[in-house]
Amino acid sequence: MAAAALDDPAQRPRVTSFFDETTFTISHVVQDPTSRACAIIDSVLDFDAPSGRTATTHAEALVRYVVEHDLQVAWILETHAHADHLTAAPWLQRQTGGHLAIGAQITAVQHTFGEVFNEDDRFVRDGRQFDHLFDDGETFTIGALRAMALHVPGHTPACMAYVIGDAVFAGDTLFMPDYGTARCDFPGGNARTLYRSIRRLMSLPDATRVFMCHDYKAPGRDHYAWESSIGAERTGNVHAHEGVDEDAFVRTREARDATLAMPRLLLPSIQVNMRAGHFPEPDANGVRYLRTPLDLL
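Remember, predicted model here, so these are calculated numbers, not experimental data. (Residues numbered from 1 in each chain as written. Predicted model: local features only at pLDDT ≥ 70, side-chain atom pairs only at ≥ 80, totals over all residues. Heavy atoms only, no water.)

(A) Representation of the overall build of the protein chain within the structure. Scanning the protein chain for helices and strands turns up 8 helices and 14 strands. For the protein chain, the C-alpha radius of gyration of 18 Å lies close to 19 Å, the compact-globule estimate for 297 residues. Seen through its C-alpha atoms, the protein chain measures out along the principal axes to roughly 60 × 50 × 35 Å. Counting the 297 residues in the protein chain, one finds 54% classified as buried. The long-range share in the protein chain, meaning contacts at least 24 apart out of those at least 6 apart in sequence, stands at 66%. Entry remark: accessible area of the protein chain is about 12700 Å², with carbon and sulfur atoms responsible for 49%. (Helix = DSSP H or I, 4+ residues; strand = E, 2+ residues; numbered from the N terminus. Rg over C-alpha atoms; globule rule 2.2 N^0.38 Å. Buried < 20%, exposed > 50% of the residue type's maximum accessible area, 1.4 Å probe, protein only. Contact = heavy atoms within 4.5 Å. Areas by Shrake-Rupley, 256 points an atom, 1.4 Å probe, with all protein chains shown as cover.)

Structural data, given as structure tokens:
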């Protein structure tokens with residue numbers, strides 16, 4: 001699909017990105033250049049962990065952009081159940097409409113973390129919290145833009161990349177070439193699986209634009225960045241460039257993962273994101289709570 005799109009201006013989406021420096025997350029509005037249709041990818045709900053308070057400041061910027069440009073949101077897409085920020089997808093959907101979607105393997109994440117948080121039967125684990133679950137290779141459209149969902153597990157079992165026209169939205173599978181790749185040490189993660197997913201993405205045409213979900217500034221770089229290309233990743237990714245074999249990648253990735261601290265918002269993020277951005281059911285007093293398992297993770 002990406003190869004055919006490279007020479008077709010109608011298949012070159014307009015991408016407007018919004019950076020949340022608190023969580024180092026980039027959300028994208030992806031527009032069909034021939035219509036008003038768009039998709040929103042990987043939104044952020046502001047969350048203050050010490051107080052437990054939420055806000056919609058980041059998401060409001062997305063809505064303002066959609067309204068100011070008179071866009072119609074066809075899809076609100078999640079690349080995976082994020083471990084470092086809460087999604088604003090349900091709030092955005094109430095403001096803009098659109099179908100909320102993620103990869104079909106979200107059910108594996110729901111089962112794994114349903115056990116971690118000892119969820120009761122009120123938390124169903126079949127993905128029904130989302131409007132649509134994408135299968136690997138499933139195609140869809142954003143106006144006249146052709147798109148495909150690719151299952152790229154490794155960081156999590158449910159990671160998806162979205163090839164939209166001449167661009168791919170890689171989630172946490174790839175970072176900027178000078179920063180490398182995502183960690184694989186969360187429950188369900190696997191470095192060998194990630195390597196194979198990266199190689200799958202690197203089989204796309206070199207000119208395919210790559211948009212990141214996160215950036216943390218690589219050593220020696222003093223600005224944030226979130227757009228690369230498959231060619232730049234294939235030849236220059238510090239963890240997975242051409243010539244790095246699977247065993248070498250696994251050694252590097254697992255050694256690096258062993259030095260990383262737990263993400264600050266992992267526990268609240270997973271509980272919310274595995275529910276498609278909805279909060280747990282309220283207790284008898286009408287208050288919703290997030291749980292912290294002790295000495296488990």
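(B) Seen up close, the sheet that holds strand 13 (residues 209–211). The strand order 9-10-11-12-13-14 describes an open sheet built from 6 strands, whose pairing is mixed. Edge positions in the sheet fall to strand 9 (139–142) and strand 14 (227–229), since each has one partner strand and no second. If you compare each strand with its neighbour and ignore which way they point, the axes differ by 30° on average. The pairing of strand 12 (residues 167–169) with strand 13 spans 3 bridges and is parallel. (Pairing = 2+ DSSP bridges. Axes fitted to C-alpha atoms, helices over the stretch in contact; angles between N-to-C directions.)

(C) Layout of the environment of L267. Looking at where L267 falls in the secondary structure, it is placed in helix 8 (residues 266–273). Taking the C-alpha atoms as reference points, L267 and I230, 37 residues apart in sequence, are found 33 Å from one another. Residues contacting L267, with those up to four places away along its chain left out, are F117, R291, T292, P293 and L297.

(D) Structural context of a nonpolar patch on the surface. Taken together, M262, L296 and L297 make up a surface patch of nonpolar side chains, about 290 Å² in accessible area. Here M262 shows up in the loop between helix 7 (246–257) and helix 8. (Patch = residues over 30% accessible without salt bridge, like charges linked within 9 Å, V, L, I, M, F, W, Y side chains within 5 Å. Salt bridge = Lys/Arg side-chain N within 4 Å of Asp/Glu carboxyl O.)

(E) A look at the sheet that holds strand 3 (residues 37–41). The sheet built from 6 strands is open, its strands ordered 1-2-3-6-7-8 with mixed pairing. With one partner strand each, in any of the chains shown, strand 1 (14–20) and strand 8 (132–134) form the two edges of the open sheet. With direction set aside, neighbouring strand axes in the sheet form an average angle of 25°. Where strand 7 (residues 99–103) and strand 8 come together, 3 bridges link them in parallel fashion. Following the sheet pairing, I102 is matched in strand 8 by L133. Taken strand by strand, helix 3 (residues 89–96) contacts strand 3, strand 6 (72–77) and strand 7, and its axis lies near 165° from that of strand 6.

(F) Local environment of the packing of helix 2 (residues 57–68) against helix 3. As a packed pair, helix 2 and helix 3 sit with axes 10 Å apart at the nearest point and diverge in direction by 30°. In terms of their interaxial angle, helix 2 and helix 3 are classed as roughly parallel. Handedness of the helix 2/helix 3 crossing: right-handed. Between helix 2 and helix 3, the residues in contact are A59, E60, L62 and V63 and W91, L92, Q95 and T96, respectively. Residue composition of the contact of helix 2 with helix 3, by class: 5 nonpolar, 2 polar and 1 charged. (Parallel < 35°, antiparallel > 145°, perpendicular 65-115°, else oblique. Left-handed = near helix turned anticlockwise from the far one by under 90°. Nonpolar A, V, L, I, M, F, W, Y, C, P; charged D, E, K, R; others polar.)

(G) How the structure looks around the pairing of strand 6. As judged from the 5 bridges shared by strand 3 and strand 6, these two strands associate in the parallel manner. By the bridge assignment for strand 6, I40 is matched with I76. Where strand 6 and strand 7 come together, 3 bridges link them in parallel fashion. Looking at the pairing, L77 lines up with A101 of strand 7. Running through helix 3, the crossover from strand 6 to the neighbouring parallel element strand 7 is right-handed. (Right-handed = clockwise from strand over helix to strand, strands pointing away.)

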